[in-house]
Amino acid sequence: MSIETATPRRQRFSRAQQERVTATAFLAPALILCGLLLYAPFLYTSYLSLTEYNGLGDPEFVGLEKFGQLFQDANILTSMLNTFMWVVGTLVLPVGLGLMIAVLAHGLRGSFWFRLPFLLPYAISGIAVGVIFAFILQTDGALTQAMELFHLPFAESRWLLDWPLNTFVMIMAATWQGAGVNALLFGVGLQSIPKEPLEAARVDGATGWRLFKNVTWPMLAPMTTVVVGLSIVGSLKTFDIVWGMTKGGPGRVSETLAITMYKASFMMNDYGLGAAVALLLTIVTVTASLLYLRRQLAPAKEF
Amino acid sequence: MQLARKAILVVLGLIWLIPIYLMVINAAKLSSDYGNATVWIPTDLSGLFQNFADALDRGRIARGLTSTFIYAIVSPLVAVIVGAMAGFAIVALKVKRAFMWFVIIFSATVFPIQMVLMPLFIGYVEVGIFDTRFGMILIYTVISVPFSAFVMRNFFSGIAHQVYEAAALDGASAFQTFFRIYLPMSKSALFAVFILQATFIWNDLLLGLSLSQDQDVRPVMTTLAAMQTTYGGSTMPVVLAGGLLVSLPTIVLFLFTQRYFTQGLALGQY
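Here the focus is the domain arrangement of chain A. Domain parsing of chain A yields domain 1 (2-48) and domain 2 (65-302). One C-alpha centre belongs to domain 1 of chain A, the other to domain 2 of chain A; they are set 39 Å apart.

Pasting the structure below:
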């Protein structure tokens, strides 16, 4: 502030102007890149969803026809149902297990080592996870062998061939990959809980489950919102693991919307339908994102 | 109580390691030793390097690895600088309508990537960068910018604005302040963003599938996916060896930089 009063008026003006130019220059690369390669394609896909287009000639405007098709095509309806199963399954399994692991490991000596087995798969790509589990779950593969050894029922299940079993076991594969990072996030949340309320509750005689339910869980709520939001958004986009395990098959029974979009656009050359699936997926994802986005943007109110 | 907690974690942890155990022991089997009945039983590890070599050469993993190494280093490096510049403009330079620009940049990650694939493909073909390494570097960079801007803005918010004012008082230009003061102060955050984005790019499949074709341009996960379907060319142990090979770099990176992963996740809540 003191510098401004000391500077002559004319110079101050030019400095402010200069700062604005500099600020724009700093902001421009990010804006231009996102504008050209993310927002412009976004708009074009929105337009394509209203057209019939196979990549040759020009897109032909057909209104909402493609969206009508979405809800009549049995394959796409199955894909929607599968995607829904992914969302629910991901909320129950990786999030639930992640919370359990975080709570169990919290405050333990050497908690890093206890959490390590769960974190390792997080660094592995979806397609590599798919390779591992497609191998384990193949007909007469490792899982069937192990179950037969212990004379368990359903050992002969065709894990990847029958619907909805294949979607279910793929959710298990995703759980193997994703539980650790949820545990990590919940661990960060647990660490940020102040000690005093916990101590006070303990003095009042609360232990174990009651302590967790009445004190820890409510105070963990902000992190829970983030983890739940990320899980919903992430599971809606499920592509890699399915591509690595069934490619959406057999036939098209294990497709998710992300797979359906890819197949419609890049394999069947129905750009309009692919765009309509993408837009549907986007609407659902953005709605779900609002769950945690509000919180993410909250600290920015100072501007 | 502590003992019970440890016991549950150990049992669950061992279950979690089973897939890795199965992957490693079977990736090490010569195809003559591999069979469904002995899938749980390890042999000696002599076949591992043979299978690695097969995956690299005949499975074409080696060609994908070269490209992926380039993508996973160059793109996050550029993105983290571009993102930090945007964060700097928003927080330190107090650009007009800062919050609006911030929301615009950040929101670019909210919608699924499916929403941009087809126009990118059409545009890439049109401009002549489809199936080129430049095109892949470009899209991986752009995809990483919003997250990078988001984290760096959060991080810069923690630096007192007096730092900027003091530098300006000493006659430092915005560029000097950014490169000589803000960036060096944010090394750990920059590194955290770099590692998270490098891992993300390393593991990408979808962009590789959509925007490249040639074996010398395609990223390695795309190659792995192709290897898996052409069972005629590769036996199961070789496919598993390929999977193991492409996973090792990110696992090692993750183990050695776990602190930064956690920091990045916490800063970005991502």
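Bringing the environment of Leu184 of chain A into the picture now. If you trace the backbone, Leu184 of chain A turns up in helix α8 (residues 165-191). Exposure remark for Leu184 of chain A: the 23 C-beta atoms within 10 Å place this residue in the buried category. Separated by 70 residues in the primary sequence, Leu184 of chain A and Ser254 of chain A have C-alpha atoms spaced 30 Å apart. Aside from chain neighbours lying at most four places away, what touches Leu184 of chain A is Leu119 of chain A together with Thr262 and Leu265 of chain B.

Tallying the contact residues gives 72 residues for chain A and 69 residues for chain B. With 19 residues, helix α2 (residues 9-48) of chain A is the single largest residue contributor to the side of chain A that touches chain B. When grouped by side-chain class, the residues that make up the side of chain A that touches chain B number 54 nonpolar, 14 polar and four charged.

Moving on, we get to the nonpolar core. Counting residues in hydrophobic clusters, the biggest one holds 177 residues, and the most contacted among them are Ala30 of chain A together with Phe88 of chain B. Residue assignment places this core across two domains, with domain 1 (2-48) and domain 2 (65-302) of chain A each supplying three or more. In this view, Ala30 of chain A contacts Val82, Gly83, Met85, Ala86, Ile105, Val145 and Ala149 of chain B; residues no more than four positions away in its chain are not counted.

With that settled, consider helix α11 (residues 220-229) of chain B. With eight of ten residues buried, α11 of chain B lies mostly within the body of the structure. The set of residues buried in α11 of chain B consists of Val220, Met221, Thr222, Thr223, Leu224, Ala225, Met227 and Gln228 of chain B.

Our focus in this paragraph is the environment of Ser148 of chain B. All names here are of chain B. Among the secondary structure elements, Ser148 is positioned in helix α6 (residues 133-157). Put simply, Ser148 and Met136 are twelve residues apart on the chain and 18 Å apart in space, counted from C-alpha to C-alpha. If near-sequence neighbours (up to four positions away) are discounted, Ser148 is found in contact with Ala79, Val80, Gly83, Ala84, Val193 and Gln197.

Residues and elements named next belong to chain A. It is the contact of helix α4 (residues 74-105) with α8, at a shortest axis distance of 6 Å, that shows an interaxial angle of 40°. On the basis of their axis angle, the class for α4 and α8 is oblique. Crossing hand, α4 versus α8: right-handed. Classifying every residue of the contact of α4 with α8 gives 16 nonpolar, nine polar and no charged.

The subject of this paragraph is the confidence of the model for chain A. Looking at chain A, the pLDDT average stands at 87 and 91% of residues meet or exceed 70. Between the elements of chain A, mean pLDDT differs from a low of 47, seen in helix α1 (residues 2-6) of chain A, to a high of 95, seen in helix α13 (residues 257-267) of chain A.

Residue and element names in this part refer to chain A. Under the 1.5 Å per step criterion, the end-to-end length of α8 is 38 Å for 27 residues, consistent within 8% with the ideal 39 Å. If you look at α8, its biggest bend is around 40°, right at Gly178. Of all 27 residues making up α8, 21 are buried, and the element is well covered by its neighbours.

Reading the values: the criteria
- Residues numbered from 1 in each chain as written.
- Chains lettered and ligands numbered in written order.
- Predicted model: local features only at pLDDT ≥ 70, side-chain atom pairs only at ≥ 80, totals over all residues.
- Domains from an automatic or database assignment.
- Helix = DSSP H or I, 4+ residues; strand = E, 2+ residues; numbered from the N terminus.
- Buried ≥ 20, exposed ≤ 12 C-beta atoms within 10 Å, placed from the backbone.
- Contact = placed C-beta atoms within 7 Å.
- Nonpolar A, V, L, I, M, F, W, Y, C, P; charged D, E, K, R; others polar.
- Core = buried A, V, L, I, M, F, W, Y, C linked by C-beta atoms within 7 Å.
- Axes fitted to C-alpha atoms, helices over the stretch in contact; angles between N-to-C directions.
- Parallel < 35°, antiparallel > 145°, perpendicular 65-115°, else oblique.
- Left-handed = near helix turned anticlockwise from the far one by under 90°.
- pLDDT = per-residue confidence, 0-100.
- Expected span 1.5 Å × (residues − 1).
- Bend = angle between axes of the 7 residues up to and from the residue.

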